[in-house]
Amino acid sequence: MSHSTVPRTRAEAQTQPTKTPVASGGATGPGTRAAEPGFRLRFRRDRVLLLMTLPALLLILVFNYVPILGNIVAFQDYDPYVSDNGIVSMLHSPWVGLANFQQIFQDSAFWSAVQNTLLLFFLQLVLFFPIPILLALLINSVVRPRVRAVAQAVLYLPHFFSWVLVVAVFQQMFGGAGMLSQLLREHGHGGIDLMTNAATFKFLVTAQSVWKDAGWGIIVFLAALASVSPDLYEAAAMDGAGRWRRMWHVTLPALRPVVALLLVLRVGDALTVGFEQILLQRDAVGPGAAEVLDTFVWWNGVRNQDFGYAAAAGLVKGVVSIGLVLAANKVAHLMGEQGVYRK
């Protein structure tokens, strides 16, 4: 290199032109990052996908967000007989402020429903939530594809049964005249009726949920396991890891993001433990053992025609559920997972 190309003084060095950095992808420009397309360009590019999602968005808007306006009933002594139009009835019903909420917090039946709901949630979280994970691991370890497909189909089939059919099956199995009771009588023992036993009702409901919906949860975890690279298992096997160590160090870490997401959603749905399932069996064991928040709202709103009181209870449930989602998602972030949304 000749000396004529080298600046001799600091002033000359400052006047030398600088090279423009090359943006990623080979394009040159004032920055090191390619400019993102504008809103119009992205809209024209993705307009077909947006049109495909429009029906689903309309359904969510009509059936999920528009009914939120009806929460105004919680602050009224709502009378649906003022007019044939529900909106007119809301406009002409007298305001009572927070009176419905004060009545709720002083109602022992409400707190009993809260207690039953939380107890059922913890039982299902401990007994029901891990079962799809264990079944997915078991099915994934089966070598023969045909056996794996048959096992998955058998476990998935009860998900399509209605709760009326599920309760009827359990009645035939564990009712007073069911197969278990008859088998005990044939061997000289007294009969047993688990369907009307208030002490074991919560375990019975959890068993029904496991039998009906465990197969549905298997699909999610099997999809997560299918994304694990076989090279990871081969590398672990070459390092001397056995089956259990490969499961602990390869399989379970691959399932952790999905488990965290489903756990956050399950915690957010903690106060909803199965309305139809509980309502079908409520009279058999009594409201003291079977009353949950959903049946409490239905009983007071639909049966007793106290719509403002029931709306207030439902609003409290919704606010608490939102708080549970936010808290569970924060815990997921602390664990290093994404959760429902990113930070």
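Above this text you will find the structure in question.
So, here is what we can say about the structure in this document.

The rules behind these values
Residues numbered from 1 in each chain as written. Predicted model: local features only at pLDDT ≥ 70, side-chain atom pairs only at ≥ 80, totals over all residues. Heavy atoms only, no water. Buried < 20%, exposed > 50% of the residue type's maximum accessible area, 1.4 Å probe, protein only. Helix = DSSP H or I, 4+ residues; strand = E, 2+ residues; numbered from the N terminus. Arc of directions from axis to C-beta. Phe/Tyr/Trp six-rings, centres within 6.5 Å; stacked < 30°, edge-to-face > 60°. Lys NZ or Arg CZ within 6 Å of the ring centre and 35° of its normal. Contact = heavy atoms within 4.5 Å. Axes fitted to C-alpha atoms, helices over the stretch in contact; angles between N-to-C directions. Parallel < 35°, antiparallel > 145°, perpendicular 65-115°, else oblique. Left-handed = near helix turned anticlockwise from the far one by under 90°. Nonpolar A, V, L, I, M, F, W, Y, C, P; charged D, E, K, R; others polar.

This brings us to helix H14 (residues 275-285). Every buried residue of H14 is listed here: Gln277, Ile278, Gln281, Arg282 and Val285. Mapping the buried residues of H14 onto a view down its axis gives an arc of 145°, with all of them on the same face. Of the residues one or two after H14, glycine 286 is the one with positive phi, at around 95°.

Attention now moves to the packing of aromatic side chains. In the structure shown here, the tally under the stated rule is 16 aromatic pairs. Taking 6.1 Å as the distance between ring centres and 70° as the angle between the ring planes, the aromatic pair formed by phenylalanine 170 and tryptophan 211 counts as edge-to-face. One end of the pair, phenylalanine 170, is in helix H9 (residues 163-174); the other, tryptophan 211, is in helix H11 (residues 201-226), with 41 residues separating them in the sequence. Lying over the aromatic face of tryptophan 163, lysine 212 brings its terminal NZ or CZ to 5.1 Å of the ring centre.

Within the fold, glutamate 291 resides in the loop between helix H15 (287-290) and helix H16 (293-303). Setting aside anything within four residues of it in sequence, one finds glutamate 291 in contact with Ser112, Ala113, Asn116, Arg282 and Phe296.

Packing of helix H6 (residues 108-127) against helix H13 (residues 243-268) brings their axes to within 11 Å, and their N-to-C directions diverge by 165°. By the angle between their axes, H6 is roughly antiparallel relative to H13. Relative to H13, H6 is oriented so that their crossing is right-handed. In contact with Phe121, Gln124 and Leu125 of H6, H13 contributes Leu263, Arg266 and Val267. For the contact of H6 with H13, the per-class residue count stands at 4 nonpolar, 1 polar and 1 charged.

Moving on to the packing of H14 against H16. Axis separation between H14 and H16 bottoms out at 9 Å; the angle between their running directions is 65°. Put simply, H14 runs roughly perpendicular to H16. When the axes of H14 and H16 are compared, the crossing they make is right-handed. Here Phe275, Ile278, Leu279 and Arg282 of H14 come into contact with H16, specifically with Asp294, Thr295, Trp298 and Trp299. Broken down by class, the residue content of the contact of H14 with H16 amounts to 5 nonpolar, 1 polar and 2 charged.

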